[in-house]
Amino acid sequence: MKVYLETYGCQMNEYDSELVRSILTSHKHEFTPSLDHAEVVLLNTCAIREHAHEKIFYLLDHLKGRKRRQKGLVVGVLGCMAQSLRKEIIERAPHVDIVAGPDSYKRLPMLIEATRHHTEQAFDFSLSEFETYSDIAPQRVPGVNAWIAIMRGCDNFCTFCVVPYTRGRERSRELANIVLEAERVASEGFRQITLLGQNVNSYRNDEYDFADLMQAVSEVSGIARVRFTSPHPKDFPRKLLHAMAANPKLCKHIHLPLQAGSDGVLERMKRTYTRKEFLALVAEIRALMPEVSLTTDLICGFCGETDADFEQTLEVVREVGFDSAFTFKYSERKNTMASRQFPDDVPEEVKQERLLRLAELQKEITHERNVAELGKVYEVLVETPSKKDGNQWLGRTDHFKPVVFSGNVQAGDLVKVRIEAHGANTLMGAMVRDYRRTLRVYQEACCV
Ligand code: 5AD
Ligand code: SF4
């Protein structure tokens, strides 16, 4: 059948969609980029905030009319929302044929078959303690970066977060199996690997930890850069910091979710670090890697957050000077500890105002940090033609800043670019033209 698959949410969902593509292709289904031509429509969903749900219910409503017009159209909801809101989906959108959680993708071919013959209900939300999809080769969109999930699930149970309920218990893949996947993506031409996990610091495979895994992946021939997301600030391994500082292939960028700056809020969130500990970790990271870029996630309006608590978040954000931040209003999630223990008592308009202040502050900081980049020369990994101007290229520095420049290059090249201007989130630069010639002269000199 012709399948249309749309993905919402985080990179882990993007990766899961690559697994789904692989699983369905091997069962003779075909993928189409056109919703209009599809015989099966699959939505791979996110459950992290209310907004994500509403978008999916709106789409499902739209697909109801389409199902009336197109007999036999199969509609499926996959992913985190399918796992956490299965009852609501079945009640609010009874025309949905398939509901399948993140550990059920191997059974999708069977679920599609079942809906065609109407032999059984095509719902599957069993969570597994073992499923890591290690035996599936994801069908990736060609490009420069390949995602590799190194683990699944999360055992942290931060009180606001639904992920432990939608993705189940934490389990790591074998290091050797991940390195095999890295070798395969390198042979397919990918230049960068981003290792994914809900909390990569707790990766463990026998005697190997996450630092060992980063080192092993960086040694794969053809891979120029290795990134990861996300670590938890509570147990950041010093061994990893030393490995990052010493190994030029390990990118100097850490996405370090702070969430909030007040100890009271951090405690209610069950983040298990204090503001002081977070700041000490940042100082340690910067002492080892002065050029590192730090990005973060911030939640405002969590249960019981006072004006004074929120001011402390602003203070920490100012003190650290993150390169960029994702900012969110707290959105109560069903089943989470916060929903059971604390009232969602910050009024919506206060949440909104705090969100704006946070975004405003981060905008100023990002501006200052962008200004500080002017005149610097960076090695940039070329990714794609720029969306705004097809004559220009978009690439990224080692520390994850997007850079637009022009030049006779191709995706996957590493080039030197001098930063000459900046926008709100993007740097603009000019290629240092002598770089390649200098490199060639140097290489020739070495050969002699
Ligand atoms: N409300 C708002 N933001 C949330 N996040 C996770 N759960 C919630 C929630 N219930 C944010 C956190 C996390 C990011 C992926 O999403 O900041 O780090
Ligand atoms: Fe959610 Fe916390 Fe696990 Fe991150 S570490 S996925 S915020 S429970």
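Each residue is numbered by its place in its chain's sequence as written, counting from 1. To read the labels, note that chains go from A and ligands from 1, taken in the order they are written. Whole-chain, interface and lining totals are the exception, using all residues; otherwise, since this is a predicted model, local features are given only for residues with pLDDT of at least 70 and side-chain atom pairs are given and counted only at 80 or more. In computing side-chain values, all of the structure's heavy atoms are included and hydrogens and water are not.

Undergrad: Looking at this model, I keep getting lost on the pairing of strand 15 (residues 293-300). Mind explaining?
TA: One face of the sheet, then the other: side chains in a regular strand alternate in exactly this way. Remark: exposure states derive from per-residue accessible area (1.4 Å probe, protein chains only) relative to the maximum for the residue type, with buried under 20%, exposed over 50%, and partly exposed in between. Helix and strand assignments come from DSSP, with helices taken as H or I runs of at least 4 residues and strands as E runs of at least 2, each series counted from the N terminus. Of all 8 residues that make up strand 15, 8 are buried, and the element is covered over most of its length. Here the rule is simple: two strands pair whenever DSSP picks up at least two bridges between them. With 3 bridges connecting them, strand 14 (residues 253-255) and strand 15 associate as parallel partners. Bridging from a neighbouring strand, His255 pairs with Thr295 of strand 15. The pairing of strand 15 with strand 16 (residues 324-329) spans 6 bridges and is parallel. What sits directly across from Leu298, in strand 16, is Thr327. Handedness of a crossover is defined as follows: orient the strands so they point away from the viewer, and if the path from the first strand over the helix to the second runs clockwise, the crossover is right-handed. As a crossover connection, the stretch from strand 15 through helix 12 (residues 307-320) into strand 16 is right-handed.

Undergrad: Sorry if this is basic, but what is going on with the site of ligand 1 here?
TA: One heavy atom within 4 Å of a molecule or strand makes the whole residue count as near it. Near ligand 1, the surroundings consist of Ile48, Arg49, Phe160, Gln259, Asp297, Ile299, Phe328, Lys329, Tyr330, Ser331 and Arg333. In protein, a polar contact means a hydrogen-donor-capable atom and an acceptor-capable atom, both N or O and within 3.5 Å, with residues adjacent in sequence counting only if both atoms are side-chain atoms; elsewhere, any N or O pair within 3.5 Å suffices. Between ligand 1 and Arg49, the relevant distance is 3.0 Å, taken from an oxygen atom to a side-chain nitrogen or oxygen of the residue. Asp297 places a side-chain nitrogen or oxygen 2.6 Å from an oxygen atom of ligand 1. In this description, accessible areas are obtained by the Shrake-Rupley approach with a 1.4 Å probe, and a residue is regarded as covered only by the protein chains that are shown. In isolation ligand 1 exposes 410 Å². Once the protein is present, 87% of that is buried. For the shell around ligand 1, the secondary structure elements donating two or more residues are strand 15 and strand 16. In this classification, Asp, Glu, Lys and Arg are treated as charged, Ala, Val, Leu, Ile, Met, Phe, Trp, Tyr, Cys and Pro as nonpolar, and every other residue, Gly included, as polar. Within the shell around ligand 1, the residues separate by chemical class into 5 nonpolar, 2 polar and 4 charged.

Undergrad: Would you take a moment to explain the domain arrangement of the protein for this structure?
TA: Quoted interface sizes are often the accessible area lost when the parts come together. As used throughout, domain bounds are those supplied by an automatic or database domain assignment. Along its sequence, the protein is organised into domain 1 (2-124), domain 2 (140-251), domain 3 (284-372) and domain 4 (377-447). Distance between the C-alpha centres of domain 1 and domain 4: 39 Å.

Undergrad: How do you make sense of the pattern of salt bridges when you look at a structure like this?
TA: One side chain can pair with another of opposite charge once the charged atoms of both are near each other. Any carboxyl oxygen of Asp or Glu that lies within 4 Å of a side-chain nitrogen of Lys or Arg is treated as forming a salt bridge with it. Under the criterion given, the structure shown has 28 salt bridges. Between Arg169 and Asp155 there is a salt bridge whose closest N-O contact spans 2.7 Å. On the criterion of sequence distance, the pair formed by Arg169 in the loop between helix 6 (163-167) and strand 9 (171-172) and Asp155 in the loop between strand 8 (151-152) and helix 6 is long-range, its members being 14 residues apart. Exposure remark for Arg169: the relative accessible area of 31% places this residue in the partly exposed category. Judged by relative accessible area, Asp155 falls into the partly exposed class, the value being 37%.

Undergrad: Would you mind showing me how to read the sheet that holds strand 15 here?
TA: Pairing within the open sheet is parallel, and its 3 strands lie in the order 14-15-16. Edge positions in the open sheet fall to strand 14 and strand 16, since each of these has one partner strand only. Mean inter-strand twist for the sheet, computed between neighbouring axes without regard to direction, equals 10°. For helices, the fitted axis covers only the stretch in contact; all axes are lines through C-alpha atoms, and the angles between them, taken along N-to-C directions, range from 0 to 180 degrees.

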